[in-house]
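# Summary of structural features
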Amino acid sequence: MPRISPPPTSGLCDRPLPKQAFCRYHSRPDRVRCRKVLYKFKSRDASLGLLLLAGSALGAMSDLPRLTGAIEIDGILEKGEWEDAVRIELDVETSPAENHPAPVRTTAFLLEDGENLYVAFDAEDPDPEAIRAYLRDRDSAWEDDYVGISLDTYNDEQRAFQFFANPLGVQMDKIHSDVSSGRGNRWGRDASWDAIWESAGQINDTGYVVEMRIPLSQLRFPAVAGTKTWGYDLMRQYPRDRTRSLASNAQDRNRSCYLCQVSKLQGLDGSQPSHDIEVVPTMTASRIETTDEPGLVPLSSGDLNVDGGLTMRWGITPDLTANLAINPDFSQIEADVLQLDVNNRFALFFPEKRPFFLEGTDYFNTPLDAVFTRTVSDPELGLKLTGKRGDHTFGFFMAEDAETNLLFPGAFDSDSETLEQSNTALVGRYNYGFANTSSLGVLVTARDGNGYNNRVGGLDGRWKISDQHSIEFQYLTSDTEYPLATAIEFEQPLTGFSGDAAKVRYEFRSRDWFANTEYNDRSSGFRADSGFISKVGGRALGGVVGHIWHGGEENWWSRIRASIHVDHEVDEDERLLNHQNVLRVGFGGQLQSWFQFALVDSREAWEGVTYDQSSLRAYAEVRPVGALSLRVLGVIGDKVDYSNDRLGKTFRIEPTVDWSISRKLFLRLKGVYAELETQDGEQIFDALVADTRLTWQFNLRSFLRLTAQMTDVERNQALYEEEVDSRSRDIGRELLYSYKLNPQTVFFLGYSDQYVDEDNLDGLTVSDRTWFMKIGYAWAP
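Thresholds, definitions, all that
Residues numbered from 1 in each chain as written. Predicted model: local features only at pLDDT ≥ 70, side-chain atom pairs only at ≥ 80, totals over all residues. Heavy atoms only, no water. Helix = DSSP H or I, 4+ residues; strand = E, 2+ residues; numbered from the N terminus. Buried < 20%, exposed > 50% of the residue type's maximum accessible area, 1.4 Å probe, protein only. Contact = heavy atoms within 4.5 Å. Areas by Shrake-Rupley, 256 points an atom, 1.4 Å probe, with all protein chains shown as cover. Patch = residues over 30% accessible without salt bridge, like charges linked within 9 Å, V, L, I, M, F, W, Y side chains within 5 Å. Salt bridge = Lys/Arg side-chain N within 4 Å of Asp/Glu carboxyl O. Lys, Arg positive; Asp, Glu negative; His and termini not counted. Charge placed at Lys NZ, Arg CZ, Asp CG, Glu CD. Disulfide = S-S within 2.5 Å. Pairing = 2+ DSSP bridges. Polar contact = N/O pair within 3.5 Å; in protein donor to acceptor, adjacent residues only side chain to side chain. Phe/Tyr/Trp six-rings, centres within 6.5 Å; stacked < 30°, edge-to-face > 60°. pLDDT = per-residue confidence, 0-100. Core = buried A, V, L, I, M, F, W, Y, C linked by side-chain atoms within 4.5 Å.

With that out of the way, let us pick up the overall build of the protein chain. Along its length, the protein chain carries 4 helices and 43 strands. The burial tally for the protein chain puts 51% of its 781 residues in the buried class. Restricting the contact set of the protein chain to residue pairs at least 6 apart, pairs at least 24 apart contribute 59%. On the protein chain, roughly 34,300 Å² of surface is accessible, and the fraction owed to carbon and sulfur atoms is 54%.

Moving on, we come to a negative patch on the surface. A surface patch of like charges, here negative, comprises D413, D415, E489, E607, D645, E721 and E722. Structurally, E607 is set in the loop between β34 (593–606) and β35 (609–625). Judged by relative accessible area, which is 56%, E607 ranks as exposed.

Glancing now at the state of the cysteines. Here, disulfide denotes a covalent bond that connects the sulfur atoms of two cysteines. Using the criterion set out here, one finds 1 disulfide in the structure. With a sulfur-sulfur separation of 1.7 Å, C257 is cross-linked through a disulfide to C260. One quick way to see it: the torsion about the S-S bond of C257 and C260 is about 60 degrees, and its sign makes the bridge right-handed. Judged by relative accessible area, which is 15%, C260 ranks as buried.

Let us now look at the side chain of D319. Mapping D319 onto the fold places it in the loop between β19 (305–317) and β20 (320–326). With a relative accessible area of 14%, D319 lands in the buried category. Those residues in contact with D319 that lie beyond four places of it in its chain are T386, G387, K388, R389 and F394.

This part is about the environment of D415. Tracing the chain through its elements places D415 in strand β24 (residues 415–419). Separated by 119 residues in the primary sequence, D415 and S534 have C-alpha atoms spaced 8.4 Å apart. Each residue touching D415, except ones within four places of it in the same chain, is listed here: L406, L407, F408 and F490.

Counting buried positions over the 7 residues of strand β6 (residues 106–112) gives 7, a clear majority of the element. Both faces of β6 are covered, namely the face carrying T106, A108, L110 and E112 and the face carrying T107, F109 and L111. Pairing of strand β3 (residues 86–89) with β6, which is carried by 4 bridges, proceeds in the antiparallel orientation. Along β6, the bridge assignment pairs R87 with F109. Bridge count between β6 and strand β7 (residues 116–124): 7 bridges; the pairing is antiparallel. Note that in β7 the partner of L111 across the bridge is Y118.

In this section: the side chain of E112. Take E112: it is sitting in strand β6. The class of E112 is buried, set by a relative accessible area of 2%. Only 3.4 Å separates the side chain of E112 from the backbone nitrogen of L268, close enough to count as a polar contact. Not counting chain neighbours up to four residues away, the residues in contact with E112 comprise L64, P65, R66, L67, Y118, L268 and D269.

Enumeration according to the criterion identifies 22 aromatic pairs in this entry. Here the aromatic rings of F372 and F532 are separated by 5.4 Å at their centres, their planes lie at 70 degrees, and the arrangement is edge-to-face. In this pair, F372 sits in the loop between α3 (355–358) and β21 (379–389) while F532 sits in the loop between β30 (513–522) and β31 (538–550), placing the two residues 160 residues apart along the sequence. Each of the two residues, F372 as well as F532, counts as buried.

It is worth spelling out the pairing of β20 at this point. The pairing of β19 with β20 spans 7 bridges and is classified as antiparallel. Paired with T317 across the two strands is L320, which belongs to β20. The turn joining β19 and β20, which pair antiparallel and follow one another in sequence, is formed by 2 residues.

This part is about the confidence of the model for the protein chain. Residues at a pLDDT of 70 or more form 89% of the protein chain, whose mean pLDDT is 87. For the stretch residues 1–58, pLDDT sits under 50, and the model shows 106 contacts to residues farther than four places along the chain or on other chains. Under a pLDDT of 50 for its full length, residues 182–187 has, in the predicted model, 15 contacts with residues more than four places off or in other chains.

Pairs can form between side chains of opposite charge whenever their charged atoms are close. Taken as a whole and judged by the stated rule, the model has 43 salt bridges. The closest approach of N and O atoms between D658 and R668, which form a salt bridge, is 2.7 Å. A residue pair is termed long-range when its members are at least 10 positions apart, and D658 in strand β37 (residues 646–660) and R668 in strand β38 (residues 665–678) qualify at 10 residues. Judged by its relative accessible area of 8%, D658 falls in the buried class.

Quick look at the environment of V635 now. Mapped onto the elements of the fold, V635 is located in strand β36 (residues 628–641). Overall, V635 belongs to the buried group, its relative accessible area being 18%. Spatially, the C-alpha atoms of V635 and A598 are 9.5 Å apart, while their sequence positions differ by 37 residues. Apart from the residues lying within four places of it in its own chain, the contact partners of V635 are L616, R617, T650, F651 and R652.

The biggest cluster of nonpolar side chains holds 36 residues, and the ones touching the most others in it are L110, I149, F163, L219 and L234. Going through the elements one at a time, β3, β6, β7, β8 (146–152), β9 (159–165), β13 (207–215) and β14 (228–239) are the ones with two or more residues in this core. Beyond its immediate chain neighbours, meaning those up to four positions away, L110 contacts L64, P65, A85, V86, I88, Y118, V119, I149, L234 and L265. Within the second largest apolar cluster, 19 residues are counted, among which are Y363, A370, A399 and V427.

Put into structure tokens, the structure is as follows:
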């Protein structure tokens, strides 16, 4: 738990060394003297430091003082501004070291004025020139030095609002959940959430300072009379040769929860949740030139399309928030990261990026991906209600969509279609939390259109048995009917049909061991048209068991992780679909590196034949210098050629380069190269995907970004059973200027085009051109 300091008194140190691991300083020369004594103490008697940290883990309650004057958020700790603040030391390194004394000193200051929470960090550094700080768009500085605060405003150890800023004041915020089944996360982390708050940072000769002003209107918390009690944690990311996480609270790795281990903050007497209304009118203008037959039919010159819209956020009660969108602009400003879609059987997943759907997404998360808002394509009206009252959490959204996106899942592959007809989409979610991080929930979704409907409903839950053991489950049932012409074209049932899906997962996590087992059952008639479930018609049982070794400062490695993974999948007639055994070993160490190797042995059924396959997968990431990050994934081994029903050999490599060329200029290169050959070595296809983004960040609010994307596929026509192009190429370019006063007050101006090349064309031929502009303004009446 944090060490809390009262307002300063006189003298060099108000507590003697070595009885405490830290003391406070009141002038720069004195800071140097105290720091030298402190480091000598830590190196001489680390065990005493650990005892001190263990003692602090018993818990601490911080009183949050009320601000009597004014604070300017400028990244400078002006004399007198923070003198009444509660001072808290971030004196624990939680990773990679395990609750060791922090290697550098960080002091946080906290105050409130009834309407805002003020937070400042004095982050000292023995080598300020090594501080990593670059101008970036918001939510893009996770590889930099940064500091932040986590606020469990309901004090229920389930969800927390988190606010971070790098040394230049670049903002990052997200919602952390200990109970949400976030895709790909140990805990749910919703980095798409954006609040309107103020931050500033400056690098100085002893480190850097960050100041924050967080309006309480941006937070949800219960309407409690008198003093409020919130959970909180203060954090600092310190990336050098290794990335070190420093905090005000120790973390027991034998407890599989985060918010259950944070301290408490009490204050805010008289403050109440906001009932404010936030209105955001938008205007978009675009002109599109396109053709369905490039090279044969010229581009059609479209008219200038100007459209207005309105979104509104209203705190109806302290426990209920409404979001309304009328004729909203749900366009996506930036292109998705390009993915390779060659020799794939199932639909590719692209994350949601539209602000209306991003807010409160964690309310709708369930073990099965039954809610995926990108199924809503072109809505004319959107309404969302989210809230929390005590142990009860609920969410609802409705959208009138001008198009109907459909995903047809199967046991061996999936297909998709967009119907040019409207539908009404509804999603309802209720969750009851108990025993801190256990819960029971209900989910209902519905989509209705002309000759079409899909309804899904069911139960889910999570039971935290102990600090190491947990179980989650979900059961859903669905009823579906497609328009007759669509059902015939995509070989779906011609009348209404039903199905169900179930998932059960047990997980064990401790400091040194981890294991899980998971069972999935999805009948062939199950459809979740408001979600993203691309595979049905089978049952799967799998499990993982693994061990973690933790290194120390004397080791070249900081962590070694080894695991065995087994999956077995059959269809509804108990015929094998896939069986896979994976042996995986990974280790991390200096230069912020991580290396991982996996041996995969599998049996896969395709078109009545079972293929035995073996492959080697390798992953590496390293940061040779602070401004350059390198990552690469490679695969070599056997691979089924799904287009031609045979076993082939594959080689695949996916490099990523992130290069901060200067403080303002950033380059990201992502690529995929894949080749597939017959067992005799004949080329079946070679494919290349490249995604390049060059960004010039003018300041904290504006940037100019050039994006270039390319797909190039060469196929050996003699080895294909169906007619294919010998070569196909796509090249897309986008130039985007962005200005963001805050996440809702924005201005975008851009241009994009697309070029294609196939066998019937003489070369790259333009197929689309688009000019676009968007203006949005957040107004609080």
